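Understanding the architecture of this molecule
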Amino acid sequence: MSGLDPTETFRQEAQELLEQVEKGLLDLAHRPEDRDLIDAVFRGLHTLKGSGAMFGFDALAAFTHHCETAFDRVRKGEVPASKRLIACVLAAQDHMRALAEGRPVEPAVGKALLADLHAAVEGGDAPAAALADPAAPVAPVGKTWKIRFSLPTDALVNGARPLPLLDELRGLGDCRVQVLTDDVPALGDLVPTECHLAWEVLLTTTHGRDAIDDVFIFVIDDMTLEVEELIEASTDNAALEGATKAPSAPPSEKPVEAAAQDSRAVKTGETVRVPAERLDEMMDRVGELVIAQSRLRQLASSSLDTALRAVAEEIERLAAEMRDTMMVVRMVPVIQLFARFRRLIHDLQNDTGKKIQLQIEGETTELDKTVIERLADPLVHLVRNAADHGLETPEERAAAGKPEAGIIRLSARQSGAEVLITIADDGRGVDRDRVRAKAEENGLIAPGQVLTDNELLNLIFAPGFSTAATITNLSGRGVGMDVVKKTIEGLRGALDITSNPGEGSVVSLRIPLTLAIIDGLLVRVGTSRFVIPLANVEECVELSPAQDLRSTGRSLITLRDELVPFLRLREQFNTGSAPDPHQKIVVVSTGQDRVGLVVDQILGDHQTVIKPLSSFHADIGAFSGATILGDGGVALILDIPALVQLGQRHDAPMRVAG
Amino acid sequence: MSDTSEYIVSFSGNLTVSSIAEAYAALTAGMELGGPVVVNLDAVEEADLTLPQLLEAARRTAAAKGQLIRLEKPAQGLVLQVLQRGGFLNSDDANRLDFWTGESRQL
């Protein structure tokens, strides 16, 4: 395993800091007087500048310095946190992100951003040339050290000279030296040639700890020396003075540096940053453990050795706990995903002229980190779509008797082994006639073809479908809703849309909690075994020989007065064996659709470690992965959304006819 | 402005670790008189940290006894440099700053 790349570590930290700053800025837009928010934004910028310089991101440090300076003035009450200033820093933040990620940036863009920033702070329009070159180096940035030292009492007599030591420390950076005279005796007790002085020095330097130790290299054996790193800080005198005065300042006026240090200490104590690939490796090991445990269980079950059986049970318990723990380790709250939409909505309002209110619910719901990362792009597209196509302009809304501000609501909630994410808007709703016309025009459906409302709405997710009259820079980015659907299904999830004319639309995503392990129902069809994800299983019923005969050619059963289409997996997979006399139907669902899967035998529950399929198998479309069973055999995991879709298609003409 | 009852101790020449003992003796003698003591540093040609340490000890002792001790003029020249280099003027102690520079400052 390789060590952490420091540059990558900084980039991760920068990303978090920028998100923190962004959140602070967006909150500040609503509460411009909030001191805590102002301080938080300043701290984020300050730390970003300091860390950037430490890791060699000089251009980022230089650029951020200007934003930090602007917010320092806000902090001091010299300028208000105006909407214009907030917008400028938000725009500048994108530039910082590019610099942190090492993407190429146009120097002119940086200059223009700083000109805007300057104008926002000064309340006028300043020419860009009047500002410092954003790429120009800022004052050196480094760490601040607190150094306390004293010399032995006979040091002066022996030739030691404290003043040159202090001068050397000053040579390392910005320095504040304070003598400590507490140990100086009363005049009558004083031996004037003895040294009773001590010093406390606050040094901000780009040099390392070694350079400090080197200052004392010739006196180190006899002296007392304490060196403590405070935090990386700029050479800004005000900041340094703030740090110096920390002991006498009241708690509420704790210097920024100290506050930042506090928060870092808490953060460090609570979390450890681990590269995702290490978690993946661990998950693989847990997967192998689960498979081995499954084999052990099978061996033990056929053994008369009670000790072996006891150990097998113990291992089973531990493996299950290990799996659960591992899943929790990978979980992160969806707020990490949702938070970015506040900025998106902020930008969309500016771009569209629409008034949009973002509501977020269930932000503490947790999802596998990998899933969250892969959900980001589809969700951005769906939110853009809701803003661009769904919501009306303020004038249209007023004319329709609606509040001028449209609502986009993002919500998440856990439902068993799935998380349900919805993107709802209270806009105009999907225009069915336009969808139909477009689908007919594109040859997706035959003219006049009878479709259910759900089928009609789902045409939106067909490849190449778009009802947008013109391509806008919001949603018409060459990525269609079909790509969104494909991505969601690639996550073993499902996607559904409902819409009411004039009331808005709701896109629902059902996403598995994790992509690595699922609970499954192991079934047998002929001699093959398959795994059905337990989260999709609604119930199991028997298909009697009589029902089997009656349903031939029809593939429908009645469950509590409701017709449910079913698929005979024997036929789907062409197993070529005769059916068992007592077949079972496993009723599965995705969204609102249900379908029955006819199998020969239900073998029981199975903790399933998902292994990816080869591209050949993946192309078949009925399987989402494979797993290794306890006896070493392989079982394919059924792709339930694909099978449900297949079942619904088979059933459609009958329902229309019936 | 000197008071006629003040005892003036004038330091001159080198006031370093090798010669500070004489200054110590002179100052102690002046302090033992019990009246106000004024220290003149005009003729100091060289100084190290033993000088401010000596005067710090005298100042604190005087303060404890309620005795007055002050500099005739605020520290300047090389004495001021030693004070600055030694960190004597970065203190939150207003009395100390007042003693050396003659002006009270509220930090």
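Numbers given for residues are sequential positions, taken from 1 along each chain in its written order. In the order they appear in the text, chains get letters beginning with A and ligands get numbers beginning with 1. Reporting in this predicted model follows two pLDDT cut-offs: at least 70 for local features of residues, and 80 or more for side-chain atom pairs to be given and counted; totals over whole chains, interfaces and linings ignore these cut-offs and use all residues. With hydrogens and water set aside, each side-chain value is computed from the structure's full complement of heavy atoms.

1. Here's the deal with the overall build of chain B
Quick note on the threshold: Runs of H or I in DSSP of at least four residues are treated as helices and runs of E of at least two as strands, each being numbered from the N terminus. Think of it in three bands: with a 1.4 Å probe and only protein chains considered, a residue is buried below 20% of the maximum accessible area for its type, exposed above 50%, and partly exposed in between. Only heavy atoms enter the contact rule, under which two residues are in contact if any of them lie within 4.5 Å.
Scanning chain B from N- to C-terminus turns up four helices and three strands. Helices (α) and strands (β) of chain B occur, in sequence order from the N terminus, as β-α-β-α-β-α-α. Residues classed as buried in chain B amount to 50% of the 107 residues present. Sequence-distant contacts, at least 24 apart, represent 76% of the contacts inside chain B between residues at least 6 apart.

2. Points about the packing of aromatic side chains
The geometry of an aromatic ring pair is captured by the separation of the ring centres together with the interplanar angle, meaning the angle of the planes. All names here are of chain A. Keep this limit in mind: For this analysis, a ring pair means two rings from Phe, Tyr or Trp (six-membered ring only for Trp) whose centres lie within 6.5 Å, classed as stacked if their planes differ by under 30 degrees, edge-to-face if by over 60, and tilted for the remaining angles.
In total, this model carries six aromatic pairs over all chains according to the counting rule given. A ring pair is formed by phenylalanine 530 and phenylalanine 573, whose centres lie 4.9 Å apart and whose planes are at 35°; its orientation type is tilted. Note that phenylalanine 530 is positioned in strand β13 (residues 528-533) and phenylalanine 573 in helix α19 (residues 569-573), a separation of 43 residues in sequence. Take phenylalanine 573: its relative accessible area is 21%, and that puts it in the partly exposed class. Residue phenylalanine 530 is classed as buried on the basis of its relative accessible area of 4%.

3. A closer look at helix α4 (residues 94-101) of chain B
How we decide: To be clear, the arc concerns the directions from the helix axis to the C-beta atoms.
Those residues of α4 of chain B that fall on the buried side of the exposure criterion are Arg96, Leu97, Phe99, Trp100 and Thr101 of chain B. Taken down its axis, α4 of chain B places every buried residue within 165° of arc, on the same side. On its buried side, α4 of chain B packs onto β2 (173-180) of chain A together with α2 (50-65), β3 (69-71) and α3 (77-85) of chain B.

4. A few points about the packing of helix α12 (residues 335-352) of chain A against helix α13 (residues 369-390) of chain A
Residue and element names in this part refer to chain A. Inclusion rule: To obtain each axis, a line is fitted to C-alpha atoms, and for helices this fit is confined to the stretch in contact; angles are then taken between N-to-C directions over 0 to 180 degrees. For classification purposes, angles smaller than 35 degrees are called roughly parallel, those larger than 145 roughly antiparallel, those between 65 and 115 roughly perpendicular, and all remaining angles oblique. By convention, the crossing between two helices is left-handed when the near helix turns anticlockwise from the far helix through less than a right angle, and right-handed when the turn is clockwise.
Here α12 crosses α13 at 30°, and the two axes come no closer than 10 Å. Taken together, α12 and α13 sit at an angle that is classed as roughly parallel. In this structure, the crossing between α12 and α13 has a hand that is right-handed. Along the contact surface, α12 presents Leu337, Phe338, Arg340, Phe341, Leu344, Ile345 and Leu348, while α13 presents Ile372, Leu375, Ala376, Leu379, Val380, Val383, Arg384 and Ala387.

5. Let's talk about the pattern of salt bridges
Residue and element names in this part refer to chain A. For clarity, the threshold we go by: Salt-bridge detection follows one rule: a side-chain nitrogen of Lys or Arg within 4 Å of a carboxyl oxygen of Asp or Glu.
Enumeration over the complete set of coordinates arrives at 41 salt bridges over all chains. The closest approach of N and O atoms between arginine 170 and aspartate 167, which form a salt bridge, is 3.4 Å. Of the two residues, arginine 170 and aspartate 167 are both situated in helix α6 (residues 162-170); the distance of three residues between them amounts to about one turn of the helix. Owing to a relative accessible area of 30%, aspartate 167 belongs among the partly exposed residues under this scheme. With a closest N to O distance of 2.9 Å, glutamate 321 and arginine 317 form a salt bridge. One end of the pair, glutamate 321, and the other, arginine 317, are both in helix α11 (residues 306-329), four residues apart, so they sit about a helical turn from each other. Accessibility expressed as a relative area gives 39% for glutamate 321, which makes it partly exposed. Here arginine 317 falls in the partly exposed class, since its relative accessible area comes to 38%. Linked by salt bridges that have partners in common, Glu22, Asp94, Arg97, Arg343 and Asp347 make up one network.

6. Things to note about the sheet that holds strand β10 (residues 494-500) of chain A
All names here are of chain A. Cut-off, in case you're wondering: Pairing between strands is defined by DSSP: at least two bridges between the two strands are required.
Taken in spatial order, the five strands make up an open sheet running β6-β8-β9-β11-β10, and their pairing is mixed. Edge strands, defined here as strands with exactly one partner in the open sheet, are β6 (355-361) and β10. Across this sheet, the average inter-strand angle for adjacent strands is 15°, counted without regard to direction. In this sheet, strand β11 (residues 504-512) lies alongside strand β9 (residues 418-425) in antiparallel orientation, the contact comprising eight bridges. Each residue of the ladder has a partner; that of threonine 422, found in β11, is serine 508.

7. A closer look at α2 of chain B
All names here are of chain B. The following threshold applies: Under the convention used throughout, the expected extent of a helix is 1.5 Å for every residue step, that is, one less than its residue count.
For α2, built from 16 residues, the straight-helix expectation of 22 Å at 1.5 Å per residue is met to within 8% by its first-to-last C-alpha distance of 22 Å. Counted residue by residue, α2 has 12 buried out of 16 residues, so it is predominantly covered. Within α2, the full set of buried residues consists of Thr50, Leu51, Pro52, Gln53, Leu54, Leu55, Glu56, Ala57, Ala58, Arg59, Thr61 and Ala62. Those residues of α2 hidden inside the fold are in contact with β1 (7-15), α1 (20-32), β2 (37-47), β3, α3 and α4. Just downstream of α2, glycine 66 is the residue with a positive phi angle, here 75°.

8. Quick look at the environment of lysine 402 of chain A
Residue and element names in this part refer to chain A. Along the chain, lysine 402 falls in the loop between α14 (394-399) and β8 (405-415). Accessibility expressed as a relative area gives 16% for lysine 402, which makes it buried. For the pair lysine 402 and glycine 502, spaced 100 residues apart in sequence, the C-alpha separation works out to 9.7 Å. Setting aside residues up to four positions removed in sequence, lysine 402 forms contacts with Glu392, Arg397, Asp426, Gly427, Arg428 and Gly502.

9. Observations regarding the nonpolar core
Quick note on the threshold: We call a set of buried residues a nonpolar core when its members are Ala, Val, Leu, Ile, Met, Phe, Trp, Tyr or Cys and they connect through side-chain atoms within 4.5 Å of each other.
Counting 61 residues, the largest nonpolar core has Ile147, Phe149, Leu169 and Phe216 of chain A together with Phe11, Leu27 and Leu55 of chain B as its most contacted members. For this core, the element with the highest residue contribution is α2 of chain B, accounting for six residues. Not counting residues up to four positions away in its chain, the partners in contact with phenylalanine 149 of chain A are Leu165, Leu166, Leu169, Ala198, Trp199, Val201, Phe216, Met223, Thr224 and Leu225 of chain A. Counting 48 residues, the second largest nonpolar core, distinct from the first, contains Leu337, Leu379, Ala412 and Leu509 of chain A.

10. Quick word on the interface of chain B and chain A
Spelled out, the test is: Ten residue types, Ala, Val, Leu, Ile, Met, Phe, Trp, Tyr, Cys and Pro, are classed as nonpolar, four, Asp, Glu, Lys and Arg, as charged, and the remainder, Gly among them, as polar.
Opposite the 25 residues of chain B that make contact, chain A presents 29 residues. Remark: the boundary between chain B and chain A carries one salt bridge. Here aspartate 167 of chain A makes a salt bridge to arginine 85 of chain B, at a shortest N to O gap of 2.5 Å. Elements with a minimum of two residues in the side of chain B that touches chain A: α1, α2 and α3 of chain B. In terms of residue count, the dominant contributor to the side of chain B that touches chain A is α2 of chain B (eight residues). A per-class count over the side of chain B that touches chain A returns 11 nonpolar, nine polar and five charged.

11. Description of the pairing of β2 of chain B
All names here are of chain B. The line we're drawing: When the strands point away from the viewer, a crossover counts as right-handed if the path from the first strand over the helix to the second runs clockwise.
The pairing of β1 with β2 spans eight bridges and is classified as parallel. Across the sheet, tyrosine 7 pairs through a bridge with valine 37, a residue of β2. Note that the unit made of β1, α1 and β2 has a crossover that is right-handed. Relative to β3, β2 is paired through three bridges, and the arrangement is parallel. Across the sheet, the residue bridging to valine 37 is isoleucine 69, located in β3. Viewed along the sheet, the connection from β2 through α2 into β3 turns out right-handed.

12. Remarks on the sheet that holds strand β16 (residues 562-568) of chain A
Paired through their backbone hydrogen bonds, the strands of a sheet run either parallel or antiparallel. All names here are of chain A. Read across the sheet, five strands follow the order β14-β17-β18-β16-β15 without closing on themselves; strand pairing throughout is mixed. At either end of the open sheet lies a strand with only one pairing partner, and these are β14 (537-543) and β15 (556-559). Across the sheet, the mean angle separating the axes of adjacent strands is 35° when strand polarity is ignored. Pairing of β14 with strand β17 (residues 583-590) involves six bridges; the strand directions are antiparallel.

13. Examining a negative patch on the surface
Residue and element names in this part refer to chain A. What counts, and what does not: Every patch collects residues that have over 30% relative accessible area and no salt bridge, joining them within 9 Å if they carry like charges and within 5 Å if they are nonpolar side chains (Val, Leu, Ile, Met, Phe, Trp, Tyr). Accessible areas in this description were obtained via Shrake-Rupley with a 1.4 Å probe; residue shielding takes into account the shown protein chains only. Charged residues are defined here as Lys and Arg on the positive side and Asp and Glu on the negative side; His and the ends of the chain fall outside this count. Charged groups are reduced to one reference atom each: NZ for lysine, CZ for arginine, CG for aspartic acid, CD for glutamic acid.
A grouping of Glu8, Glu277, Glu281 and Asp284 is seen on the molecular surface, where their side chains present a negatively charged patch. If one sorts the elements of the negative patch by residue count, helix α10 (residues 276-301) sits on top with three residues. Relative to the assigned elements, glutamate 277 resides in helix α10.

14. Let's talk about the packing of α2 of chain B against α4 of chain B
All names here are of chain B. For the pair α2 and α4, the least separation of the axes is 12 Å and the interaxial angle reads 120°. Classified by the interaxial angle, the pair formed by α2 and α4 is oblique. Of the two elements, α2 crosses α4, and the hand of that crossing is right-handed. Taking contact as the criterion, the partners of Pro52, Leu55, Glu56 and Arg59 in α2 are, on α4, Asn95, Arg96, Phe99 and Trp100.

None of the figures reported here should be taken as evidence of function without further support.
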